[in-house]
Amino acid sequence: MIVASLRARVTSWYVGLLTISLLVFGACIYFGVQRYLEASLQRSLATEARSIANTFVDQFETKGNTWLEQELSESYPQSGNAQVVRVSRLGLGDQYQVLYPSADANDGMSEKLTLPPAVDLQAPEFRRESGSDAVPLVVYAFPYKSVSGARYLIEVAASHAPIAQLLRNLLLLLFILTPLIVFAAGIGGYVMMNQPLKPVVSLTLKAERIGVAELGERLPVIPTGDELERLSHSLNRMITRLEDALDHNRRFSADVSHELRTPLTILRGELEHVIQLPDLNAEVVDSVGSALEEIERLAKIVESLLAISRLDSGGAGIEHHPFDLAALSRMTADQMQLLASEKQVSLTCKSMGTVQAIGDETRIKQVLVNLLDNAIKYTRTNGHVIVSVEAQENNALLTVTDDGVGIPAESLPHVFERFYRAEKARSRSEGFGLGLSLVEAVCRAHGGKASIESTEGLGTSITVRLPRADTPWMAVGDGRPNPPSPDSLYIHQ
Amino acid sequence: MRILLVEDEPKVAGFVERGLVAERYAVDVSGDGREAWELAEAYPYDLIILDLMLPGLDGSDILQRIRKKNTCVPVLVLTARDAVDDKVRLFEMGADDYLTKPFAFAELLVRSKALLRRGPVNRSSTLRVGDLELDRLTQQVKRKGRRIELTTKEYQLLEYLMQNPGRVLSRNMIIEHVWDQSFDGFTNIVDVYVRHLRGKVDDDHEFKMIRTVRGTGYMIRSESES
C-alpha cells in the first residue's frame with residue numbers, strides 16, 4: 001500500500017539522518033575528550049618539572065644529595081602517587097648520575113621509568129614508554145642548566161591508564177546509547193507518522209469508491225488547515241470538473257445525434273424520391289441505393305448513441321418489473337435460430353425452468369439479440385453458440401458463449417467502449433462498434449454488470465448480471481413511478 | 001383525401017408533399033404553428049401530419065387544441081426527439097401514431113394509409129397478389145394453386161408484404177410488424193427471412209414477386225403491376 005511505504009520511507013530517511021548525526025556527534029565528543037585529557041596531563045607534568053627544577057635542583061648544589069632525596073620523597077612519595085619523578089645530573093659525553101630515582105627496584109612501587117635518561121636532550125620533550133608492569137607512561141623530560149652551569153635532566157611521568165580507562169568507558173557508553181536512541185526514535189517516528197497519514201488513508205478509500213457513476217459524491221474535507229485539507233479541496237474540485245466534463249460529453253452526444261436527424265431525414269427523403277424516378281439507369285440506382293444504405297447506417301448510429309447517452313444519464317425510463325429471464329432467452333434463441341443455421345452454427349439454449357430477474361424485459365431482449373447476433377457473426381461454420389441462464393445469490397446470470405474467433409487479449413478491456421473494434425475480428429462491414437456499448441449501458445442502467453472473457457481463436461463468453469426478483473431490491477424497483485406504455489420499451493424508432 | 005402537413009423545415013416538407021401528391025392526395029403545407037392551427041380549424045382534413053417543433057405555436061399545443069375541439073381527425077406526429085417520456089405524453093395528448101426522424105418515406109406513407117383507412121388493414125380472409133394466394137383462416141399459401149409450406153415467421157412476413165402490395169416496406173417496418181423492436185439493432189434477420197421466403201415463393205417461377213429496393217426495403221408485386 002502506498003501510505004505504508006511512504007511512512008516507512010520517511011521514517012527510514014530520518015532514522016538514517018539521525019544515525020549519521022549521532023555518529024558524528026559521538027566522534028567529536030570522543031576525540032575532544034581525549035585531546036583535553038591528554039593536554040591537561042601534559043600541562044601538569046610540565047608544571048611539576050619546572051617547579052622541581054626551580055625549587056629543588058637549584059638548592060641541591062648547596063644543600064646536597066640527601067636533602068634533595070628527602071625533599072623530593074616528601075613531595076612526591078614513591079608509592080601511592082600518580083606521578084613518578086627522576087632527577088639525573090648529566091656529565092660529559094653520555095655519562096649521568098641519577099640523583100633521585102623514580103623508584104627502587106625492590107620497594108614494590110607500581111611504576112618506574114625503564115628507559116635511561118636521554119643525555120643529549122636539548123629541549124624539553126614528551127615521550128611515551130611502558131613502565132614496569134607494562135603500564136603506559138607519559139614522560140616529560142626537561143633538561144635544565146643550573147646557575148653553576150651543571151646540566152640536569154628532570155623527568156616527570158604519570159600513568160596514561162586513567163585516561164585510557166575513561167575513554168574506553170566513554171566509547172562504550174556511545175556504542176550502547178546510539179543504537180538505543182536510533183531505535184527508539186525510529187519506532188516513535190513510525191508510530192507518530194500514523195496520525196497525520198490517517199486522513200490520507202481515508203481519502204484514498206473514499207476516492208476509490210467514487211466511480212464514474214457516483215461522481216455526485218465528494219471527498220470528506222479534513223479540517224486540519226494544512227496540505228491535506230488543501231489536497232481534499234483540490235481533489236473535490238477535480239471531481240467537479242470531471243463531472244462537468246462527463247455531463248458535457250453526454251449532452252454533447254445527445255445534442256449531436258439530435259441535430260443530425262433533420263438533415264438525415266431530408267437526405268433520405270430526397271434520395272428515396274430519386275430512386276423511384278422512372279427510367280433511371282442501373283448505375284444511378286446502384287449509387288443512390290448505396291447512399292441510402294449508408295444513411296440508414298448513420299441513422300442507426302445516431303439512434304444507438306442517443307440511446308446510450310440516455311441510459312448513461314439515467315433518463316431512459318428503464319422499467320423495473322420481474323420477468324422470466326430463462327423463458328426470454330429460450331424464446332429469443334428460438335427466434336434467432338434461422339440466423340444461426342444460415343451460417344451453419346448451432347445455437348443452443350441451456351436454460352431450464354424459471355429465473356426471475358428484475359428489469360425492462362424489452363431492453364434485456366435487445367441485449368440478448370445483440371449478444372446472440374454478435375456471437376453468431378464471429379463464429380465459424382460448424383461452430384457453437386450456447387446461451388445459458390442461472391440464478392446466483394442475488395443475481396440472475398445470462399451467459400452467451402461461443403467457440404468463434406475470439407478477441408485478442410489486448411482488446412478485451414476496450415470491447416465495451418463506444419466504436420471500439422478489435423481490428424482483426426471485426427470488419428467494418430458488420431456492426432457499428434456500438435452493440436456491446438449498448439449492452440453494457442443497458443446492464444448498468446439496470447444496476448447490473450456485463451463482463452467478457454475471451455481467448456483468441458478459442459471463443460468468447462459474455463456474462464450479463466441482473467438483479468434477481470426475489471431479493472429486497474424488488475421493493476425499490478416497484479416503487480418507481482413508470483407509466484406503463486408499450487413504446488416506452490423501444491429504443492429505436 | 002386531404003392532408004395537412006405541418007413542418008417548418010422546408011426541405012422535409014418538400015419531399016413529403018411531393019411524395020404524397022404523387023400518391024394523389026391533396027396536401028396543404030404549413031410551416032408555422034399559428035397558421036397550421038387556423039388551417040386545422042377551418043378545413044375538415046382527413047389526416048394531419050404534425051412536426052413537434054414549430055415556430056409560433058408548438059406542435060404539442062396544436063395537438064391539444066385539436067383534441068379539445070373533439071375532432072377525431074387522425075394525427076401522425078413527426079418528432080426529432082424520441083425521449084420515452086415524450087412519446088408517452090404524445091399518446092396521452094391524443095396522437096394516433098408517430099414517426100421519429102429520420103424516417104423512410106415509404107413508412108410515412110404506409111402509416112398514413114393505415115390512419116386514413118381507420119381500422120385494421122385489409123382483414124378479408126384471403127389476400128391475393130397476382131397468382132399468389134394467402135388464406136388467413138387456414139393459414140395456407142398457394143402460388144398458381146400449388147401449396148407452399150411456410151414457417152410461422154415466414155407466413156407473418158409474407159402476410160405483411162401482401163397487405164401492402166406494390167409498396168416498399170422498410171426493414172424497420174417489417175421488424176416492427178413481424179418481430180419486435182428488440183431486433184431493430186444491427187441484425188440482418190429480415191434479409192435472412194426474406195431470402196428463405198423467396199426460395200419458397202419465387203424459386204420455381206419465372207416471375208419473381210418479392211423485390212429488393214436497395215437502401216429502402218422489400219416489396220411484393222404481381223406481374224401486372226411491374
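Note that the coordinates shown come from a computational prediction; the quantities given were computed from them, not determined experimentally.

Asker: Would you explain the nonpolar core in this entry?
Answerer: Nonpolar side chains in soluble globular proteins generally cluster together in the buried interior. Counting residues in each nonpolar core, the largest one holds 81 residues, and the members touching the most others are Leu-325 and Val-464 of chain A together with Leu-132, Leu-158 and Ile-174 of chain B. Each residue touching Leu-132 of chain B, except ones within four places of it in the same chain, is listed here: Leu-127, Val-141, Lys-142, Arg-143, Ile-148, Leu-158, Met-162, Val-201, Met-209 and Ile-220 of chain B. Listed in part, the 31 residues of the second largest apolar core include Leu-41, Ala-46, Val-57 and Leu-72 of chain A.

Asker: When you look at the sheet that holds strand β9 (residues 146-148) of chain B in this model, what are you seeing that I'm missing?
Answerer: Strands pair in a sheet through their backbones, by hydrogen bonds, and they do so in one of two ways: parallel or antiparallel. Residue and element names in this part refer to chain B. If you trace the 4 strands from one edge of the open sheet to the other, you get β6-β7-β8-β9, paired in antiparallel fashion. Edge positions in the sheet fall to β6 (126-129) and β9, since each of these pairs with one other strand and no more. Pairs of neighbouring strands in the sheet enclose a mean axial angle of 25°, with direction left out of account. Note: strand β8 (residues 140-143) against β9, 3 bridges, orientation antiparallel. Bridging from a neighbouring strand, Lys-142 pairs with Arg-147 of β9.

Asker: Is there a simple way to explain the packing of aromatic side chains in this structure?
Answerer: Given two aromatic rings, their pairing is described by the distance between the two centres and the angle made by the two planes. Residue and element names in this part refer to chain A. For the coordinates displayed, the defined rule picks out 10 aromatic pairs over all chains. Here Tyr-140 and Phe-142 contribute two aromatic rings whose centre-to-centre distance is 6.2 Å and whose plane-to-plane angle is 15°, an arrangement assigned as stacked. For Tyr-140, a relative accessible area of 4% puts it in the buried group. Using a relative accessible area of 8% as the deciding quantity, one classes Phe-142 as buried. Following the ring pairs from residue to residue traces out a cluster consisting of Phe-126, Tyr-140, Phe-142 and Tyr-144. Positioned over the ring face of Tyr-190 is Arg-7, at 4.0 Å from the centre of the ring.

Asker: Looking at this model, I keep getting lost on the pairing of strand β10 (residues 395-402) of chain A. Mind explaining?
Answerer: Residue and element names in this part refer to chain A. Among the 8 residues in β10, 6 count as buried, and that is most of the element. Relative to β10, strand β9 (residues 384-392) is paired through 8 bridges, and the arrangement is antiparallel. Residue pairing for β10: Ile-386 is matched across the bridge by Thr-401. Count of turn residues in the β9/β10 antiparallel hairpin: 2 residues, of which Glu-393 carries a positive phi of about 50°. Sheet topology places β10 next to strand β12 (residues 459-467); 8 bridges connect them, and they run antiparallel. When the bridges of β12 are listed, Val-400 appears paired with Ile-462.

Asker: In this structure, what is going on with the interface of chain A and chain B? I would like to understand it.
Answerer: Reports often express the size of an interface as the amount of accessible area lost when the parts come together. Every contact between the two is made by 49 residues of chain A and, on the other side, 45 residues of chain B. Carbon and sulfur atoms make up 57% of the area that chain A and chain B hide from each other, which totals about 4,400 Å². Taking the shortest distance from any N to any O, the salt bridge between Arg-18 of chain B and Glu-270 of chain A comes out at 2.7 Å. In this structure, the connection of chain A to chain B is made through 9 residue pairs in polar contact (both at pLDDT 80 or more). Where the side of chain A that touches chain B is concerned, the elements lending two or more residues are α4 (227-276), α5 (282-312), α6 (325-342) and α7 (361-377) of chain A. Tallying contributions element by element places α4 of chain A first for the side of chain A that touches chain B, with 13 residues.

Asker: It is not clear to me how the sheet that holds strand β10 (residues 169-170) of chain B should be interpreted in this structure. Could you clarify?
Answerer: Residues and elements named next belong to chain B. With respect to topology, 3 strands assemble into an open sheet ordered β10-β12-β11, the strand pairing being antiparallel. Both outer strands of the open sheet, β10 and β11 (210-213), are each paired with one neighbouring strand and no more. The pairing of β11 with strand β12 (residues 217-220) spans 4 bridges and is classified as antiparallel. Counted as the bridge partner of Thr-212 is Tyr-218 from β12.

Asker: Can you walk me through the environment of Leu-17 of chain A in this structure?
Answerer: All names here are of chain A. When you line up the elements, Leu-17 lands in helix α1 (residues 2-63). Leu-17 sits in the exposed class, given a relative accessible area of 55%. For the pair Leu-17 and Val-182, spaced 165 residues apart in sequence, the C-alpha to C-alpha distance is 9.7 Å.

Asker: Looking at this structure, I do not really get the environment of Ser-461 of chain A. What am I missing?
Answerer: Residues and elements named next belong to chain A. Following the sequence through the fold, Ser-461 ends up in strand β12. A sequence separation of 86 residues divides Ser-461 from Ala-375, and the C-alpha atoms of the two residues are 8.9 Å apart. If near-sequence neighbours (up to four positions away) are discounted, Ser-461 is found in contact with Thr-399, Val-400, Thr-401, Ser-451, Ile-452 and Glu-453.

Asker: Looking at this structure, I do not really get the pattern of salt bridges. What am I missing?
Answerer: Opposite charge on two side chains permits pairing when their charged atoms draw close. Residues and elements named next belong to chain A. By the definition in use, this model includes 32 salt bridges over all chains. Between Glu-155 and Arg-86 there is a salt bridge, with its nearest N and O atoms 2.8 Å apart. Taken together, the residues span a long stretch of sequence, with Glu-155 in strand β5 (residues 151-159) and Arg-86 in strand β1 (residues 83-90) at a distance of 69 residues. We note a salt bridge from Arg-363 to Asp-360, for which the minimum N-O separation is 3.8 Å. Of the two residues, Arg-363 and Asp-360, both sit in the buried class.

Asker: What exactly am I supposed to notice about the packing of α5 of chain A against helix α8 (residues 435-445) of chain A here?
Answerer: Between two packed helices, both the angle of their axes relative to each other and the distance between the axes serve to describe the pair. All names here are of chain A. It is the contact of α5 with α8, at a shortest axis distance of 9 Å, that shows an interaxial angle of 25°. By the angle between their directions, the pair α5 and α8 is classed as roughly parallel. Helix-helix and strand crossings are classified by hand; for α5 and α8 the assignment is left-handed. Every residue of α8 that contacts α5 at Ser-304, Ala-307, Ile-308, Leu-311 and Asp-312 is listed here: Ser-437, Leu-438, Ala-441, Val-442, Arg-444 and Ala-445. Of the residues in the contact of α5 with α8, the class split is 7 nonpolar, 2 polar and 2 charged.

Asker: Explanation requested: the side chain of Gln-335 of chain A in the structure shown.
Answerer: By the secondary structure assignment, Gln-335 of chain A is in helix α6. Setting aside residues up to four positions removed in sequence, Gln-335 of chain A forms contacts with Lys-365 of chain A together with Lys-153, Trp-179, Phe-183, Ile-189 and Tyr-193 of chain B.

Asker: Teacher, can you tell me more about a nonpolar patch on the surface here?
Answerer: Taken together, the side chains of Leu-172, Leu-173, Ile-176, Leu-177, Leu-180 and Ile-181 of chain A make up a nonpolar region of the molecular surface, amounting to roughly 560 Å² of accessible area. Locating Ile-181 of chain A in the fold gives a position in helix α3 (residues 161-209).

Asker: Is there a simple way to think about helix α2 (residues 33-42) of chain B in this case?
Answerer: Count 3.6 residues to each turn of an α-helix, and residues three or four apart come out pointing the same way. All names here are of chain B. Along α2, the residues that are buried comprise Gly-33, Ala-36, Trp-37, Leu-39 and Ala-40. Buried residues along α2 cover an arc of 160° about the axis, so they all sit on one side. In this fold, the buried residues of α2 make contact with β1 (2-6), β2 (26-30), β3 (47-51) and α3 (59-68). Its side-chain oxygen placed 3.0 Å from the backbone nitrogen of Arg-34, Asp-32 serves as the N-cap of α2.

Criteria and thresholds
- Residues numbered from 1 in each chain as written.
- Chains lettered and ligands numbered in written order.
- Predicted model: local features only at pLDDT ≥ 70, side-chain atom pairs only at ≥ 80, totals over all residues.
- Heavy atoms only, no water.
- Core = buried A, V, L, I, M, F, W, Y, C linked by side-chain atoms within 4.5 Å.
- Buried < 20%, exposed > 50% of the residue type's maximum accessible area, 1.4 Å probe, protein only.
- Contact = heavy atoms within 4.5 Å.
- Pairing = 2+ DSSP bridges.
- Helix = DSSP H or I, 4+ residues; strand = E, 2+ residues; numbered from the N terminus.
- Axes fitted to C-alpha atoms, helices over the stretch in contact; angles between N-to-C directions.
- Phe/Tyr/Trp six-rings, centres within 6.5 Å; stacked < 30°, edge-to-face > 60°.
- Lys NZ or Arg CZ within 6 Å of the ring centre and 35° of its normal.
- Buried area = accessible area lost by both parts, 1.4 Å probe.
- Salt bridge = Lys/Arg side-chain N within 4 Å of Asp/Glu carboxyl O.
- Polar contact = N/O pair within 3.5 Å; in protein donor to acceptor, adjacent residues only side chain to side chain.
- Parallel < 35°, antiparallel > 145°, perpendicular 65-115°, else oblique.
- Left-handed = near helix turned anticlockwise from the far one by under 90°.
- Nonpolar A, V, L, I, M, F, W, Y, C, P; charged D, E, K, R; others polar.
- Patch = residues over 30% accessible without salt bridge, like charges linked within 9 Å, V, L, I, M, F, W, Y side chains within 5 Å.
- Areas by Shrake-Rupley, 256 points an atom, 1.4 Å probe, with all protein chains shown as cover.
- Arc of directions from axis to C-beta.

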